[in-house]
Amino acid sequence: MDPQSRLLDLTDSERTFHKDMHGLSIDKGGSEILSGLTHEESVFYIECLHLRAANSDAVRGRDFDRWVGLDEKHEHARFRMIAADAEAKCASKSAS
């Protein structure tokens, strides 16, 4: 598989934003993913974000429900990563 095909369809600024927000990871297969989601879920999620940015009514019905569920799953994973990072920073400070 071409390494570029494993990247999500993100601009450089979107990729930087998601990385900074603990929202972007690489799965065991080497594919870029949104935290807590599979590559396929991440592709769908990003497509919906882009559609919503272009037209707020573009994602409807079952697709909207799926996107909302994936958003919750992604945000929970992202918050867990932030909490783990904060705990590690606190532990390293107290060990100093």
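Note: the structure precedes this text.
An account of the accompanying structure is given in this report. This is a predicted model, so every value here is computed, not measured.

The rules behind these values
Residues numbered from 1 in each chain as written. Predicted model: local features only at pLDDT ≥ 70, side-chain atom pairs only at ≥ 80, totals over all residues. Heavy atoms only, no water. Helix = DSSP H or I, 4+ residues; strand = E, 2+ residues; numbered from the N terminus. Buried < 20%, exposed > 50% of the residue type's maximum accessible area, 1.4 Å probe, protein only. Contact = heavy atoms within 4.5 Å. Areas by Shrake-Rupley, 256 points an atom, 1.4 Å probe, with all protein chains shown as cover. Expected span 1.5 Å × (residues − 1). Polar contact = N/O pair within 3.5 Å; in protein donor to acceptor, adjacent residues only side chain to side chain. Phe/Tyr/Trp six-rings, centres within 6.5 Å; stacked < 30°, edge-to-face > 60°. Lys NZ or Arg CZ within 6 Å of the ring centre and 35° of its normal.

**Things to note about the overall build of the protein chain**
- In terms of helices and strands, the protein chain carries three helices and two strands.
- By principal-axis analysis of the C-alpha atoms, the protein chain measures approximately 50 × 30 × 25 Å.
- Here the protein chain holds 96 residues, and 26% of them are scored as buried.
- Nonlocal contacts in the protein chain, meaning residues at least 24 apart in sequence, comprise 49% of its contacts between residues at least 6 apart.
- Carbon and sulfur atoms provide 55% of the accessible area of the protein chain, an area that totals close to 6500 Å².

**Thoughts on helix α2 (residues 39-54)**
- Under the 1.5 Å per step criterion, the end-to-end length of α2 is 23 Å for 16 residues, consistent within 8% with the ideal 22 Å.
- Restricting attention to buried positions, one finds in α2 the residues Glu41, Ser42, Phe44, Tyr45, Ile46 and Cys48.
- Its buried side turned inward, α2 meets α1 (12-20), β2 (32-34) and α3 (61-95).

**A look at the side chain of Ser35**
- Mapped onto the elements of the fold, Ser35 is located in the loop between β2 and α2.
- Here Ser35 falls in the buried class, since its relative accessible area comes to 2%.
- At a separation of 3.0 Å, a polar atom in the side chain of Ser35 contacts the main-chain carbonyl oxygen of His22.
- In this structure, Ser35 is in contact with His22, Gly23, Leu24, Ser25, His74, Ala77, Arg78 and Met81, ignoring residues within four places of it in sequence.

**Looking at the packing of aromatic side chains**
- One pass over the structure, following the stated rule, counts two aromatic pairs.
- Ring centres 6.1 Å apart and planes at 35° place the aromatic pair Phe64 and Trp67 in the tilted group. Of this pair, Phe64 and Trp67 both sit in helix α3, three residues apart, which is roughly one turn of that helix.
- The exposure class assigned to Phe64 is partly exposed, which follows from its relative accessible area of 29%.
- Three or more aromatic residues joined by ring pairs make a cluster, and in this case those are Tyr45, Phe64 and Trp67.
- Taking the ring centre of Phe44 as reference, the NZ or CZ of Arg66 above it sits at 4.1 Å.

**Some remarks on the environment of Glu40**
- For Glu40, the position within the fold is in helix α2.
- A relative accessible area of 46% places Glu40 in the partly exposed class.
- Note: C-alpha distance between Glu40 and Leu8 (32 residues apart in sequence) is 9.8 Å.

Read these as geometric descriptors, not functional statements.
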